[in-house]
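Summary of the model geometry
Take a look at the letters that make up each chain.
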Amino acid sequence: MNKKIFTILFSFLFIFTIILPIKAEGTEIYSTKIPDKMLPYSEIKFVDSTHYVILEGGLADDLTTSNTNDHKTPGIPEPVAGVTVTYASDGYLQDISFPDGVINPLLNEISGITSANETPILRTPIIPGYQLTHTWGASQNYLYSNANDTHRRGIGRATTFSDPTGQGDISNYKGSVATKLSYDNIRIWTVVNVRTLNSNGIVHAEPMKKTDAGGMPDAIVDIWKTGVEYWGYTWSESFSMPNRVYIDHNNPSD
């Protein structure tokens, strides 16, 4: 083969290789924590508490196997064998599923103020008249309550879900949202005001109803499917809202 042609072909193959997503299907990757981010729509499964395999997608462009163990993200459980993790359209956490027989800590209700070791070393937003009760996830989700916990506010990321049935056998519909079960499991049918930028870059608020609750490892609210159309977005499986989201709602007593 002509040396010049060989060099061109080699260069092409090299470039083609480095622009492909890093996918290690079948290869065990060492990690003592659940990665905060992967390529969009990725799925991984832990084979034990310190190794996972990539089932779909791959490592994010700004992530290497050496920096998945740098720190423990607030509110994210420790991995165990059989844990399956999915990632949304933005590459951040969508859902964490635990194997049968293992309790998912994301589905345990927790009351009271977040412990000091859960609070990230970040510049936490201050809301006058409210105190920070919980913070979690790499996307910096914050939940606040007023003095007597009759009203709550939240700042963070919004994911989407498609479950047809919510709590109390309610049929989810356009306008349904889920709140975080462990920290914010308010009464069904509570109005949740959701505010974020629409597709034209204008802040738009929509009153929605809480009909479900979920683990939400890295989100302040979960919007049911076509609810994203209120902001001009088109829903698809694992879609994540592209901008920061703000919520507020009453916390009705039982």
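Preceding block: the structure.
Notes on the structure follow.

Calculation criteria
Residues numbered from 1 in each chain as written. Predicted model: local features only at pLDDT ≥ 70, side-chain atom pairs only at ≥ 80, totals over all residues. Heavy atoms only, no water. Helix = DSSP H or I, 4+ residues; strand = E, 2+ residues; numbered from the N terminus. Buried < 20%, exposed > 50% of the residue type's maximum accessible area, 1.4 Å probe, protein only. Contact = heavy atoms within 4.5 Å. Areas by Shrake-Rupley, 256 points an atom, 1.4 Å probe, with all protein chains shown as cover. 1 Å grid on protein atoms, 1.4 Å probe; cavity = no way out; pocket = protein on both sides within 12 Å on 5 of 7 lines; lining within 4 Å. Points joined across faces, edges and corners; volume = space filled by probe spheres on them. Core = buried A, V, L, I, M, F, W, Y, C linked by side-chain atoms within 4.5 Å. Phe/Tyr/Trp six-rings, centres within 6.5 Å; stacked < 30°, edge-to-face > 60°. Lys NZ or Arg CZ within 6 Å of the ring centre and 35° of its normal. Pairing = 2+ DSSP bridges. Axes fitted to C-alpha atoms, helices over the stretch in contact; angles between N-to-C directions. Salt bridge = Lys/Arg side-chain N within 4 Å of Asp/Glu carboxyl O.

**Section: the overall build of the chain**
- Along the backbone of the chain there are 2 helices and 14 strands.
- Going through the 254 residues of the chain one by one, you find that 44% of them count as buried.
- Pairs at least 24 apart in sequence give 61% of the contacts found in the chain among residues at least 6 apart.
- Looking at the chain as shown, the accessible area adds up to about 13100 Å², and 56% of this sits on carbon and sulfur atoms.

**Thoughts on the layout of surface pockets**
- In this structure, the largest pocket encloses a volume near 420 Å³.
- What lines the largest pocket is a set of 24 residues, and nearest its centre among them are Asp95, Phe161, Asp163, Gly215 and Asp222.
- Those elements that provide at least two residues to the lining of the largest pocket are β5 (93-97), β9 (158-161) and β12 (203-214).
- If one sorts the elements of the lining of the largest pocket by residue count, β5 sits on top with 4 residues.

**A short note on the nonpolar core**
- Among the nonpolar cores identified, the biggest contains 19 residues, and Val194, Val221, Ile223, Met241 and Val245 are the most heavily contacted of them.
- Contributing elements (two or more residues each) for this core: β11 (191-197), β13 (221-224) and β14 (245-250).
- Not counting residues within four places of it along the chain, the set of residues in contact with Val221 comprises Arg157, Ala158, Thr159, Val177, Ala178, Met216, Val245 and Ile247.
- Membership of the second largest hydrophobic core comes to 16 residues, among which are Ile44, Tyr52, Leu93 and Phe98.

**Digging into the environment of Val177**
- Its place among the elements puts Val177 in strand β10 (residues 176-180).
- Between the C-alpha atoms of Val177 and Val221, which are 44 residues apart in sequence, the distance is 6.9 Å.
- Dropping the residues within four chain positions of it, Val177 is found in contact with Phe161, Val192, Val194, Met208, Lys209, Lys210, Thr211, Asp212, Val221, Asp222 and Ile223.

**A short note on the packing of aromatic side chains**
- For the coordinates displayed, the defined rule picks out 6 aromatic pairs.
- Between Tyr142 and Tyr144 the ring centres are 6.5 Å apart and the planes differ by 45°, which places this aromatic pair in the tilted class. As far as the burial class goes, Tyr142 and Tyr144 line up, both buried.
- Seen from the ring of Tyr183, Lys180 lies directly overhead, with NZ or CZ sitting 5.4 Å from the centre.

**Structural notes on the sheet that holds β13**
- Pairing is mixed across the open sheet formed by 9 strands, whose spatial order is β6-β7-β8-β14-β11-β12-β10-β13-β9. Looking at the sheet topology across the chains shown, the edges are occupied by β6 (130-136) and β9. Averaged over all adjacent pairs, the angle separating strand axes in this sheet is 30°, with direction ignored.
- As paired elements, β9 and β13 share 4 bridges and run parallel to each other. Bridging across to β13, Phe161 finds its partner in Trp224.

**So, the pattern of salt bridges**
- Counted according to the given criterion, the structure contains 6 salt bridges.
- Asp36 serves as the salt-bridge partner of Lys33, at 3.2 Å between the closest nitrogen and oxygen. The pair formed by Lys33 and Asp36 is uniform in burial state, with each residue classed as buried.
- In this structure, Arg157 engages Asp218 in a salt bridge whose closest nitrogen and oxygen atoms are separated by 3.9 Å.

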